[in-house]
Amino acid sequence: MNIHEYQAKELLGSYEIPVPRGRVCLTADQVERAAKMMGGRCMVKAQVYAGGRGKAGGVKLVHHPEQAQDFAKELFGRKLVTKQTGPEGLRVRRILVEEAVEIAKEFYLSITLDRESSRYCIIASAQGGIDIEAVAQKSPESIHVLTIDPFAGLRSFQARKIALALGLSGSVCEDCVSLLLNLYKVCLAKDCALIEINPLVVTKAGWLMAMDAKITFDDNAVFRHREYPDMVDYSQLDPLEITAGKYDLAYIKLDGSIGCLVNGAGLAMATLDVLHECGGRPANFLDVGGGATREKVAEAFKIILQDSDVQGIFVNIFGGIMRCDVIAQGIIEAASEVRCTLPIVVRMDGSQVEEGKRLLTESGLNVQCSDTLGDGAQRIVQMLG
Ligand code: GDP
Ligand code: MN
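All values reported here derive from a predicted model rather than from experimental measurement. (Residues numbered from 1 in each chain as written. Chains lettered and ligands numbered in written order. Predicted model: local features only at pLDDT ≥ 70, side-chain atom pairs only at ≥ 80, totals over all residues. Heavy atoms only, no water.)

1. Points about the pairing of strand S7 (residues 103–114)
As defined by bridge partners, S7 adjoins strand S10 (residues 192–203) across eight bridges and the pair is classed as antiparallel. In the strand pairing of S10, Lys-105 is matched with Val-202. Sheet topology places S7 next to strand S8 (residues 119–125); seven bridges connect them, and they run antiparallel. Bridge pairing links Ile-111 to Ile-122 in S8. (Pairing = 2+ DSSP bridges. Helix = DSSP H or I, 4+ residues; strand = E, 2+ residues; numbered from the N terminus.)

Here it is, written out as structure tokens:
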């Protein structure tokens, strides 16, 4: 689960991590007033669920309130397309106005989960800022990584080692040690999958400060934090993803033309691989999970059909807990309701498979049944020609 920069900064601020003074605004008039409050000269920052805003024109230093207002009008009026949003871009509904800070040096700092060691790790570089991806490629030796032992936690000496590796000394070095320890506290207390501060800066006045912040909460821990659901900005999400979430379905958008309805993440991955091997391109996949009901399959099917990129549907379900006749009923119910004429290939196996196939063949839908994954994938690719 993602949150906006301004929310991430509020959270960091509450853990004594220095962030610039700022105000989030919903209208261009509010932006003007906030800019006045900051004394005219300030940073105006589009709040979207994506990075790369600086390079895409979503972050601007302005010199007086009217300029802030004009820039806000421009941002609210269009979608922001950055390297991370895809060509569609994201609509700007909130803007953060912050005091402008004189930057002496920019650093990169993050804490994230290292899947190999199953531990949190700190990643830091003295070459922070908007080109961190290029730094990671061209000079990986300038990126420092420290894996944290979950039992010992992060120790001061380890944090100091990072601060020294960043070239900090004196009081700024000690500020960095406290900042790192506090950052790790946030990580644990809030169940973060990622906290990224890029750039962390030393100001010309000699203070350490988080100029940008991205926080991702671990989706599996959302239930432990009652305040999280209210923090979501739905304007930043794919409407189909929101609908899928309501029915407890996992929907992932991709860029091809075949909609995929599967049960289980492993089977989903295998399905995508085999489709690719047969020359097909998945438009999405929807995982209905283990014990889906007829209603759930029907909802899943409708969600897939609402994706306008879908030209054909491939259902690949192993009926272990789920009965194949129930799946067939769900498909027929949904397809008839929305008058689906698209080609459908259903590969299912498991209990009541013969009955399921009979229901589908007699349904009058444009459907073919298949016994194996390879054959099913080939068929849907052929049907789309
Ligand atoms: P991102 O491009 O989406 O990561 O957005 P950032 O919040 O990182 O902003 C992009 C860049 O704007 C930063 O790397 C900074 O160089 C610059 N920036 C952000 N805030 C300030 C500020 O208060 N003063 C100055 N001088 N530059 C800033
Ligand atoms: Mn940034």
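2. So, the coordination of the manganese ion (ligand 2)
The manganese ion (ligand 2) binds to the protein through Asn-198 (O) and Asp-212 (OD), with metal-donor distances spanning 2.2 Å. You can see Asn-198 sitting in strand S10 and its partner Asp-212 sitting in the loop between strand S11 (208–210) and strand S12 (214–217), a full 14 residues away along the chain. The same class applies to Asn-198 as to Asp-212, namely buried. (Donors = N, O, S within 2.8 Å, 3.2 Å for Na, K, Ca; no water. Buried < 20%, exposed > 50% of the residue type's maximum accessible area, 1.4 Å probe, protein only.)

3. Notes on the nonpolar core
Within the largest apolar cluster, 67 residues are counted, with the highest numbers of intra-cluster contacts made by Leu-12, Ile-122, Ile-215 and Phe-217. For this core, the element with the highest residue contribution is helix H6 (residues 170–189), accounting for ten residues. Residue contributions to this core reach at least three from each of two domains, namely domain 1 (1–19 + 102–235) and domain 2 (21–100). Excluding residues within four positions of it along the chain, Ile-122 makes contact with Leu-109, Ser-110, Ile-111, His-144, Val-145, Leu-146, Ile-148, Leu-154, Ile-162 and Leu-180. The next biggest cluster of nonpolar side chains, apart from the first, holds 34 residues, and it includes Ile-303, Val-310, Val-346 and Met-348. (Core = buried A, V, L, I, M, F, W, Y, C linked by side-chain atoms within 4.5 Å. Domains from an automatic or database assignment. Contact = heavy atoms within 4.5 Å.)

4. Comments concerning the site of ligand 1
Neighbouring ligand 1 are 17 residues, the closest being Lys-45, Arg-53, Gly-54, Val-101 and Glu-106. Glu-106 places a polar side-chain atom, nitrogen or oxygen, 2.4 Å from an oxygen atom of ligand 1. Residue Asn-198 places a main-chain N or O atom 3.2 Å away from an oxygen atom belonging to ligand 1. Its free accessible area being 560 Å², ligand 1 has 83% of it covered by the protein chains. Within the residue set of the shell around ligand 1, elements represented by two or more residues are strand S2 (42–47), S7 and S10. (Near = heavy atom within 4 Å. Polar contact = N/O pair within 3.5 Å; in protein donor to acceptor, adjacent residues only side chain to side chain. Areas by Shrake-Rupley, 256 points an atom, 1.4 Å probe, with all protein chains shown as cover.)

5. Looking at the environment of Arg-379
Among the secondary structure elements, Arg-379 is positioned in helix H13 (residues 373–384). Residues Arg-379 and Val-101, spaced 278 residues apart in sequence, show a C-alpha to C-alpha distance of 60 Å. Once you skip the residues sitting within four places of it in the chain, Arg-379 turns out to touch Val-345, Gln-368, Cys-369 and Ser-370. A polar contact of 2.9 Å, which involves the side chain of Arg-379, links it to the side chain of Gln-368. Of note is the side chain of Arg-379, whose polar atom sits 3.5 Å from the backbone oxygen of Cys-369.

6. Some remarks on the side chain of Asp-233
For Asp-233, the position within the fold is in the loop between helix H7 (228–231) and helix H8 (239–246). Given a relative accessible area of 5%, Asp-233 falls into the buried group. Polar contacts involving the side chain of Asp-233 include one to the side chain of His-4, which spans 2.8 Å. Apart from residues lying up to four places away in sequence, Asp-233 is in contact with His-4, Tyr-49 and Arg-94.

7. Some remarks on the sheet that holds strand S17 (residues 344–350)
Taken in spatial order, the six strands make up an open sheet running S13-S15-S14-S16-S17-S18, and their pairing is mixed. Pairing within the sheet leaves two strands with one partner each, and these edge strands are strand S13 (250–253) and strand S18 (367–370). Adjacent strand axes in the sheet meet at a mean angle of 15° when their direction is disregarded. For S17 and S18, the ladder comprises four bridges, and the chain directions are parallel. Looking across to S18, one finds that Val-346 is bridged to Cys-369. Here H13 sits on the sheet in contact with strand S14 (258–262), strand S16 (312–319), S17 and S18, set at roughly 165° to S16. (Axes fitted to C-alpha atoms, helices over the stretch in contact; angles between N-to-C directions.)

8. What to know about the sheet that holds strand S1 (residues 22–25)
Here we have four strands laid out as an open sheet, ordered S1-S6-S2-S3, and antiparallel in their pairing. The open sheet is flanked by S1 and strand S3 (59–62), the only strands paired with a single partner. Mean inter-strand twist for the sheet, computed between neighbouring axes without regard to direction, equals 20°. Where S2 lies against strand S6 (residues 94–99), six bridges are found, and the strand directions are antiparallel. Among the inter-strand pairings, Cys-42 is bridged to a residue of S6, identified as Glu-99. Along the sheet face, helix H1 (residues 5–13) touches S1, S2 and S6 and points at about 50° away from the line of S6.

9. Here's the deal with the packing of helix H10 (residues 294–306) against helix H11 (residues 324–337)
Relative orientation of the contacting elements H10 and H11 amounts to 45°, with a least axis distance of 8 Å. Between H10 and H11, the crossing angle belongs to the class labelled oblique. Crossing angle aside, the handedness with which H10 passes H11 is right-handed. Every residue of H11 that contacts H10 at Arg-294, Val-297, Ala-298, Phe-301 and Lys-302 is listed here: Val-326, Ile-327, Gln-329, Gly-330, Ile-331, Glu-333, Ala-334, Ala-335 and Glu-337. Split into classes, the residues belonging to the contact of H10 with H11 amount to eight nonpolar, two polar and four charged. (Parallel < 35°, antiparallel > 145°, perpendicular 65-115°, else oblique. Left-handed = near helix turned anticlockwise from the far one by under 90°. Nonpolar A, V, L, I, M, F, W, Y, C, P; charged D, E, K, R; others polar.)

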